[in-house]
Amino acid sequence: MKKIGLLVSAFIITLWMPAISQAFVDDEACLMCHKYPKMGRVTDEGFQKSYYVMPEVFAKTVHRNVPCRDCHYFIKQLPHRPVDEGVRCDRACHSITNPSTGKPFSHAPIYNTFKKSVHGREKKETGLQDDKPYCIDCHTNPLYNPDEDVPPPRIIERCVVCHEDDKFANRWYNHTSRRIREVKRDSQEIVALCSRCHGNQEMLLRHKKAADEEGREIGEKYIIAAESYKKSFHGKVAKYGDKNVANCLDCHAAAENYYMSVHELLPSRDPQSPINAANRTKTCQKCHETADQSYAMIDPHPTFRKELNEFNYYSETVYNWVGNIALFGLMLMSLVETIGRKRDGVSWLLRRGTTWRGRGFRKNKR
Ligand code: HEC
Ligand code: HEC
Ligand code: HEC
Ligand code: HEC
Ligand code: HEC
Ligand code: HEC
Ligand code: HEC
């Protein structure tokens, strides 16, 4: 009853609001209601949800040619009912044909690969399975070329001399240029993406505990993966914006067919995994051409936690002490020196450059 009330009130509000111009064809009239910013509700769990779709933004996204109901297939009549399962990414589009096969387009090949990976899950899951990422945890609906408002006219002009229609040229420019220009996550974004979960201690411990109870194998580095990467040489250099240093996917995803292999992540115990002991040298060699087996044994996930690696823990502690003692010793020495010189009549001058000034009281005894 409450829901019908909401639907009716939302509908009434829509009639009062001024129309917003649309940048794409809305054949299914979804935007009649969904173009209004205030549209949304608080869920039973207390989350604020927005049901607002910004037409001008949607028109610049990679999915702008997919009709709303190709994804929101469960909506059969208007006004519609609340949904349960939501959008699944393995369904075929009714309206878009894959030009290379002539069949309805679908992400099923990626989905089938993903299902066999460490993260494989269904859209709707409960318990531990629900901690794994579904497609939309990693992919929202990205903009074609985030740095461009419109395709550069000088390129479109070059297409229309033959294609005669700038709508056609615009569309294909967007589709291909996004890939040719390698619009994708940089190293820092990949680290952030994986660390969102692999740096979440509560989630990690929950899984480690469950795996131990079920007698199921789980990687030795599982509970420290993100934290230890940040302490590694690669992690420290990546933090300062280096683009060549290894991020999570450079090691965990196979280099061949990168865009598929990022969906095929396997644990190190799987012989197919690029970080399996048998393949590790090859993986390091992608960037460290001279790497041999012993180089590949250098730990990319070094931990300094006492309970996991006592050697690292104590050597880090000793290094910290040595470093601090040296630093404070130097500061103390400078202080004593400054006081000593001041007593002799030589002191700091901070104007016109910093320098020592004054003639010492002390006679030169030589
Ligand atoms: C008559 C106005 C109206 C039209 C037209 C309309 N919607 Fe909605 N839609 C709503 C309202 C109101 C809600 C909020 C329902 C609720 O609170 O449960 C909603 C919610 C939704 C939700 C979220 C459902 C949930 O429970 O999470 C989706 C998805 C959605 N609409 C998609 C669409 C699509 C796709 C179309 C076009 C085929 C469409 N809507 C057309 C009014 C409309
Ligand atoms: C490429 C697939 C796709 C297309 C096309 C698409 N959506 Fe969605 N939409 C999603 C996904 C995925 C979600 C996240 C919720 C979920 O997983 O079910 C979502 C969420 C929503 C929500 C909020 C529901 C919620 O639970 O938070 C609304 C409202 C909505 N879409 C309306 C539309 C409208 C209107 C259009 C057409 C202009 C449209 N969508 C086109 C995939 C799509
Ligand atoms: C753990 C995160 C993650 C999950 C889960 C995931 N992907 Fe990806 N996906 C990536 C990364 C990383 C890339 C490489 C491009 C980039 O960095 O943005 C990518 C690339 C893609 C591309 C190529 C995009 C392009 O413009 O060339 C498609 C299509 C895609 N994913 C679809 C899916 C589908 C469908 C699912 C669910 C079955 C899925 N992804 C699940 C991380 C993920
Ligand atoms: C010199 C003329 C010429 C120019 C300039 C040109 N095209 Fe084409 N384009 C063609 C011809 C002819 C075909 C069909 C030929 C074929 O199938 O080999 C074609 C095919 C295409 C197709 C495949 C269409 C389909 O449905 O199979 C796309 C996409 C395309 N062009 C995009 C572009 C874009 C984007 C530009 C600008 C960057 C561009 N073209 C510039 C002549 C041109
Ligand atoms: C939404 C949360 C989430 C994100 C994002 C995520 N993961 Fe995971 N990952 C998990 C969960 C949950 C498991 C399963 C643990 C289990 O088996 O209980 C897992 C398992 C793994 C495993 C196998 C562990 C083992 O020993 O079985 C690897 C390797 C892994 N993830 C790497 C990555 C990488 C690399 C990224 C970034 C591209 C990433 N994950 C992003 C949640 C996530
Ligand atoms: C230089 C290569 C490299 C980089 C970069 C790297 N890893 Fe690893 N990762 C490995 C290797 C090798 C192992 C297996 C270590 C072992 O158990 O001895 C591993 C193990 C893991 C494990 C435990 C599961 C398993 O398969 O054994 C997870 C989870 C993981 N890494 C996630 C990540 C995440 C998240 C990042 C980025 C923040 C990352 N890794 C960056 C090489 C790398
Ligand atoms: C994507 C490329 C890439 C991959 C894959 C990669 N590294 Fe690196 N690694 C780098 C870069 C770049 C540096 C920084 C080199 C420099 O500036 O001296 C680096 C630095 C290092 C260093 C610091 C000292 C040195 O030798 O320069 C070690 C140790 C290291 N990597 C080990 C590994 C191991 C072990 C693997 C395989 C498990 C691996 N790396 C895989 C790119 C990579």
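Rules used in this analysis
- Residues numbered from 1 in each chain as written.
- Chains lettered and ligands numbered in written order.
- Predicted model: local features only at pLDDT ≥ 70, side-chain atom pairs only at ≥ 80, totals over all residues.
- Heavy atoms only, no water.
- Donors = N, O, S within 2.8 Å, 3.2 Å for Na, K, Ca; no water.
- Tetrahedral: all angles 85-135°; square planar, octahedral: opposite > 155°, others 65-115°.
- Helix = DSSP H or I, 4+ residues; strand = E, 2+ residues; numbered from the N terminus.
- Buried < 20%, exposed > 50% of the residue type's maximum accessible area, 1.4 Å probe, protein only.
- Near = heavy atom within 4 Å.
- Polar contact = N/O pair within 3.5 Å; in protein donor to acceptor, adjacent residues only side chain to side chain.
- Nonpolar A, V, L, I, M, F, W, Y, C, P; charged D, E, K, R; others polar.
- Contact = heavy atoms within 4.5 Å.
- Core = buried A, V, L, I, M, F, W, Y, C linked by side-chain atoms within 4.5 Å.
- Phe/Tyr/Trp six-rings, centres within 6.5 Å; stacked < 30°, edge-to-face > 60°.
- Salt bridge = Lys/Arg side-chain N within 4 Å of Asp/Glu carboxyl O.
- Expected span 1.5 Å × (residues − 1).
- Arc of directions from axis to C-beta.

Trainee: Give a detailed account of the coordination of the iron atom of ligand 6, specifying residues and quantitative values.
Mentor: Protein coordination of the iron atom of ligand 6 is provided by His252 (NE2) and His301 (NE2), with donor distances spanning 2.0 Å. Given six donor atoms and angles of 84 to 179 degrees at the metal, the environment of the iron atom of ligand 6 is assigned as octahedral. Here His252 is found in helix H13 (residues 248-252), whereas its partner His301 is found in the loop between helix H16 (293-296) and helix H17 (310-343), with 49 residues between them in sequence. What makes His252 partly exposed here is its relative accessible area of 27%.

Trainee: Please provide a residue-by-residue account of the coordination of the iron atom of ligand 1, values included.
Mentor: For the iron atom of ligand 1, the full set of protein donor atoms is His34 (NE2) and His80 (NE2), and the range of their distances to it is 1.9 to 2.0 Å. One can describe the donor arrangement at the iron atom of ligand 1 as octahedral, given that its six donor atoms subtend angles of 86 to 179 degrees at the metal. Pair noted here: His34 is in helix H2 (residues 31-34) and His80 is in the loop between helix H4 (68-71) and helix H5 (108-115), with a separation of 46 residues, a long-range link.

Trainee: Tell me what's going on with the site of ligand 1, and back it up with residues and numbers.
Mentor: Among the 19 residues in the neighbourhood of ligand 1, the closest are listed as Cys30, Cys33, His34, Arg41 and His80. One nitrogen or oxygen atom from the side chain of His34 is found 2.7 Å from a nitrogen atom belonging to ligand 1. Arg41 is positioned with one of its side-chain polar atoms (N or O) 2.9 Å from an oxygen atom of ligand 1. Among the elements of the structure, helix H1 (2-16), H2 and H4 are those that each provide at least two residues to the shell around ligand 1. When grouped by side-chain class, the residues that make up the shell around ligand 1 number 14 nonpolar, three polar and two charged.

Trainee: Before we move on, can you summarise the site of ligand 2 with the specific residues and values?
Mentor: Near ligand 2 you find 17 residues, and of these Lys49, Cys68, Cys71, His72 and Lys123 are the closest. Contacts to ligand 2 include Lys49, whose side-chain N or O atom sits 2.9 Å from an oxygen atom. Within the side chain of Lys123, a nitrogen or oxygen atom sits 2.4 Å from an oxygen atom of ligand 2. Split by residue class, the shell around ligand 2 holds ten nonpolar, five polar and two charged.

Trainee: I'd like a rundown of the environment of Arg216, residues and numbers included.
Mentor: Looking at the secondary structure, you find Arg216 in the loop between helix H10 (201-214) and helix H11 (225-231). Between the alpha carbons of Arg216 and Gly353 there is a distance of 67 Å; along the sequence they are 137 residues apart. Beyond its immediate sequence surroundings of up to four residues, Arg216 is in contact with His207 and Ala211.

Trainee: Pulling in residues and values, what's your account of the environment of Glu310?
Mentor: Within the element layout of this structure, Glu310 appears in helix H17. In the structure, Glu310 is positioned 154 residues away from Ile156 in sequence and 62 Å away in space, judged by C-alpha atoms.

Trainee: Could you give an account of the nonpolar core, with specific residues and numbers?
Mentor: As a rule of thumb, nonpolar side chains are buried together in soluble globular proteins. With ten residues, the main nonpolar core is built from Ile190, Val191, Tyr229, Ala238, Val245, Cys248, Leu249, Ala253, Val262 and Leu265. Residue assignment for this core shows that the elements contributing at least two residues are helix H9 (187-198) and H13. Ignoring sequence-local partners within four residues, the contact set of Cys248 consists of Ile190, Val191 and Cys194. In terms of nonpolar packing, the next biggest core, distinct from the first, is built from six residues, Cys197, Leu204, Tyr222 and Ile223 among them.

Trainee: Please provide a residue-by-residue account of the packing of aromatic side chains, values included.
Mentor: Tallying each qualifying case throughout the model produces five aromatic pairs. For the pair Tyr258 and Tyr259, a centre-to-centre distance of 5.2 Å together with 90 degrees between the ring planes defines the contact as edge-to-face. For the ring pair Tyr313 and Tyr314, a centre distance of 5.0 Å and an interplane angle of 75 degrees mean the geometry is edge-to-face.

Trainee: Account for the pattern of salt bridges, naming residues and giving values.
Mentor: Summed over the entire model, instances satisfying the criterion amount to 17 salt bridges. Salt-bridge contacts for Glu28 lead to Arg69; the nearest nitrogen and oxygen are separated by 3.4 Å. Of the two residues, Glu28 is situated in the loop between H1 and H2 and Arg69 in helix H4; the sequence distance between them amounts to 41 residues. The exposure class assigned to Arg69 is partly exposed, which follows from its relative accessible area of 38%. The partner of Glu316 in a salt bridge is Lys231, with the nearest N and O atoms 3.7 Å apart. Of this pair, Glu316 sits in helix H17 while Lys231 is found in helix H11, placing the two residues 85 residues apart along the sequence. A relative accessible area of 26% places Glu316 in the partly exposed class. Sharing partners across several salt bridges, the network here consists of Arg88, Asp90, Lys115 and Glu122.

Trainee: Can you tell me about H10, naming the residues and giving the values?
Mentor: Taking 1.5 Å per residue, 14 residues should reach 20 Å; H10 reaches 20 Å between its end C-alpha atoms and fits that length. All of the buried residues in H10 are Met203, Leu204, His207, Ala210 and Ala211. When H10 is viewed along its axis, its buried side chains cluster within an angular range of 135 degrees and face the same direction. Away from its buried face, by an angle of more than 90 degrees, H10 presents the exposed residues Glu202, Lys209 and Glu213. Check the buried side of H10 and you find it contacts H9. The first or second residue beyond H10 is Gly215, which carries a positive phi of 65 degrees.

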